[in-house]
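What follows is each chain in one-letter form.
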Amino acid sequence: MIIELGHYALILAIMTTFVQCVFPLWGAVRQDPWLQSMARISAFVTFALVLLSYGALTYAYLSSDFSVANVVLNSHSTKPLIYKISGVWSNHEGSMMLWVLILVFFAALVAFRGDGMPERLLASVLSVQGAIALAFLIFIVLTSNPFLRVGDPPSDGQGLNPILADPGLAIHPPLLYLGYVGFSVAFSFAIGALIHGRIDAIWARFVRPWTLIAWIFLTLGIAMGSYWAYYELGWGGWWFWDPVENASLMPWLMGTALLHSTIVMEKRDALKVWTILLSILTFSLSLLGTFLVRSGVITSVHSFASDPGRGLFILGILVVFIGGGLLMFALRASSLRQGGLFAPVSREGALVLNNLFLAASTVAVLVGTLYPLVLETFSGAKISVGAPYFNLTAVPLFIILLVLVPFGQSLAWKRGDLLGVMQKLLFAFGMSVLAVMIIFAFTIGGPIMAPVGIGLGLWMILGSATDIFTRIWPLRFDIGVIVARAWGLPRSAWGAALAHAGLGISVIGIAATAWGVEHISITKAGEKILVGPYTVALEASFKRSGQGYREEGARFLITRDNQSLGALETSKRVHAGREMPTTEAGIETFGLGQLYASLNEILPDGRVSVHLYWKPLVTLIWGGSLVMALGGALSLSDRRVRITAAERVSRTTGKSRGAPA
Amino acid sequence: MMRRFLLLFALIVFNATAYAVEPDEILKDPALEVRARSISAELRCLVCQNQSIDDSDAPLARDLRLLVRDRLKAGESDNQIRQYLVERYGEFILLKPRFATDTIILWGAPFFALLISGFFVWRAAQRRGALSRSDVPLTDDEKAQLDRILANRSQNR
């Protein structure tokens, strides 16, 4: 009964999104307040219905209702609670449900926060959100219905793909989807502005928090996914330039560009047309990512949970929204007025440069990801585009961008003084170069990229510190003034500095991978293996069984200078009902580095074949991403964002602040 | 062709007992081994989804790793080995596509994207430069705006 209720709510949501899509738009065109007012109500009702429907599906999982086909295929009565909940989105149907749930959640949130937004803009925005939700709801009901029953319910389910039975899975997709789908708000705002025919600093102020939220979640989602692949796939790598990873990286790169261009628009009322285009492109790349993952069109390590038959439908959605969005842009962009002027050497100019490099690196990732597919379609030739291509195209672009970041951060708006900025950054630059030389001197003979990369990371961190420092340091030292200024500095300034420093931290972690040590060996009990600064020795191999699996593994003891530092366990795990074993890597963190063990096999004579790695500073890669997200969150808590633009306009007596310049 | 792939596929699925680089594969000569690793990292495991033969557990990947090492021991250059593999398995095996007529767009796209967008930015800057150099005096509105910006700035300092 509850299942049918959920099913019914889903279909009912198609009706309400139809209302949400059509009537407010009609109202926006005819300037009819009554029709426009339907936007918010229908957004709330839609959210309630999809939530109900999603709740019903979750209930089916929690109660192990094996009369529902989706539950039979993806759950098992003995699964722990967390995997029953996360099992909902471990498969195609459920993850599309989560996608739509987040989409309508954002729409409801926009409606909720919409007081003081121009009614016509709000109606247009919610109408576009409704259209996207409508398309995906129809997709779910027609091709991916999770509520279908089986005629003859089995006594138990087939279980979750063991690779997916992991706490990482419980959080990775929701984070990623919050990011992907969050950019739909920017998209809807862009289309809304094109319908509305007006775009100004207020628009940017409304759109910026949503972009920031999406960006924060996408950053966390990508970092989480990277760490998950690192420990779950057992190859010790953290980024594989896999098409599915690229699918999430592209909206991140474009979203980062968008984040920066909305700053220019909000502060200086410039780059309007470009910002609109970026909003459209960012969500287009999110849709493309959804398409790539969900259609299984590209062979990749992530292509579990995919079905090519549905590809055409999503492709249709893709064409309608990307094509429609770009068409709207082509037709209406010329009607938008260009804003403030600026000299090439200025904060604005630097942000344009930032956008240039981010866009070019997005092109590199996009072309590299899709090229084999396109080439095969048109000429039949099969080629592969792997990590070496991206390392030669996207990575150099990233590096140039990173070198430029501290300059951009320190330049003044409108007209900057490059010489002054260089003087300001001299200390940061000198310290970074000094660090490179010292590290290089201590590691002569080692890889040269490690010290250089660390220098680059330091340059970004010190550059951010310089920016804050010059803004709070008075001419004459006075601790009171410093504290007061630090307190008075907008949180968005702290956020920007923290995010850039976080990027620097990640860069250091990435650079240090060049110092990584890998040891492949067949070892017997007690034999000592030197892995980096640590000594690892096999203690014993073991066999055991846990909840829903049995495994065969090896236990290693770690020592350094004859001091015992704990143990590492790595195993091959065979899950009930699955043929392929999974490799459970053993990971032990020392300081910022990690010892990583990955079992090959246990030989009949008791010896163990194993890959051992020492990965110095590796945790900084993900730690830096967390700092970046934290910077984003700090920026989100800025007063300017918390107080809605409209409130501010009314507070500062109307025209002077809010009106387009 | 198709049948061969199916056969291979069957081999992989039902005989998944081999693992990424095994100790017995490693060459005595460390310099050769380094070369073997760097070549393998740029070769695709043909039956896997997106893995190099260096990372892959598949038996075919092991065969290819051994093949690369045998050829290295026989004194062949990296390029000769790559050429041999391409002749046998096609361009598909190279994770780093060669620069050829059908990959010009692939290799050129990022560069052109930067060049073209850079050109547009430059042109826009020129146009704006011309605008801002014109000697039109500030309107009252603009003067008020200027005062406000200056006031804001001194506040921020």
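Residue positions within a chain follow its written sequence, with the count starting from 1. Each chain gets a letter, beginning with A, and each ligand a number, beginning with 1, in the order they are written. This being a predicted model, a pLDDT of at least 70 is required before a residue's local features are given, and a value of 80 or more before pairs of side-chain atoms are given or counted; all residues contribute to the totals for chains, interfaces and linings.

(A) Focus on the overall build of chain A. When helices and strands are counted, chain A shows 22 helices and 9 strands. Rg of the C-alpha trace for chain A: 27 Å, near the compact-globule value of 26 Å for 661 residues, within the 12% margin. Summarising its shape, the C-alpha atoms of chain A cover approximately 80 × 75 × 55 Å along the three principal directions. Out of the 661 residues belonging to chain A, those deemed buried represent 53%. Two residues qualify as being in contact provided that their C-beta atoms, derived from the backbone, are within 7 Å of each other. Within chain A, residue pairs in contact and separated by at least 24 positions form 75% of the contacts whose partners lie at least 6 positions apart. Under the scheme used here, helices are H or I runs from DSSP no shorter than 4 residues and strands are E runs no shorter than 2 residues, and both carry numbers assigned from the N terminus. The quantity called the radius of gyration is restricted to C-alpha atoms. Its globule counterpart is 2.2 Å times the number of residues to the power 0.38. In this scheme every C-beta is placed from the backbone, and a residue whose C-beta has 20 or more other C-beta atoms within 10 Å is buried, one with 12 or fewer is exposed, and one in between is partly exposed.

(B) Looking closely at the sheet that holds strand 7 (residues 586-590) of chain A. Residues and elements named next belong to chain A. Strand order in the open sheet formed by 4 strands is 1-9-8-7, with antiparallel pairing between adjacent strands. Two strands bound the open sheet, and with one partner strand each, they are strand 1 (517-523) and strand 7. Across the sheet, the mean angle from the axis of one strand to that of its neighbour is 15 degrees, orientation sign disregarded. A strand pair is defined by DSSP finding two or more bridges across the two strands. To obtain each axis, a line is fitted to C-alpha atoms, and for helices this fit is confined to the stretch in contact; angles are then taken between N-to-C directions over 0 to 180 degrees.

(C) Fine view of the sheet that holds strand 3 (residues 534-546) of chain A. All names here are of chain A. Ordered by their spatial adjacency, 5 strands build an open sheet running 2-3-4-5-6, and the pairing between neighbours is antiparallel. The open sheet has two free edges, formed respectively by strand 2 (528-531) and strand 6 (582-584), since each of these has just one partner strand. Looking at each pair of strands side by side, their axes are set apart by 30 degrees on average, direction ignored. Here 11 bridges tie strand 4 (residues 549-560) to strand 5 (residues 563-575), and the two strands are oriented antiparallel to one another.

(D) Spatial organisation of the interface of chain B and chain A. Taken together, the contact pairs 36 residues of chain B with 39 residues of chain A. The greatest single-element share of the side of chain B that touches chain A, amounting to 12 residues, is contributed by helix 5 (residues 104-133) of chain B. Each residue is assigned to one class: nonpolar for Ala, Val, Leu, Ile, Met, Phe, Trp, Tyr, Cys and Pro, charged for Asp, Glu, Lys and Arg, and polar for all the others, Gly among them. Its residues assigned to classes, the side of chain B that touches chain A shows 18 nonpolar, 10 polar and 8 charged.

(E) Examining the domain arrangement of chain A more closely. Where each domain begins and ends is defined by an automated method or by a domain database. Once the domains are mapped, chain A shows domain 1 (1-156) and domain 2 (518-615). The gap between the C-alpha centroids of domain 1 of chain A and domain 2 of chain A is 45 Å.

(F) Focus on the confidence of the model for chain A. Residues with a pLDDT of 70 or more make up 93% of chain A, whose mean pLDDT is 87. pLDDT expresses, on a scale from 0 to 100, how confident the predictor is about each individual residue. With pLDDT under 50 throughout, residues 651-661 of chain A is counted as low confidence; its partners more than four residues away or in other chains account for 12 contacts.

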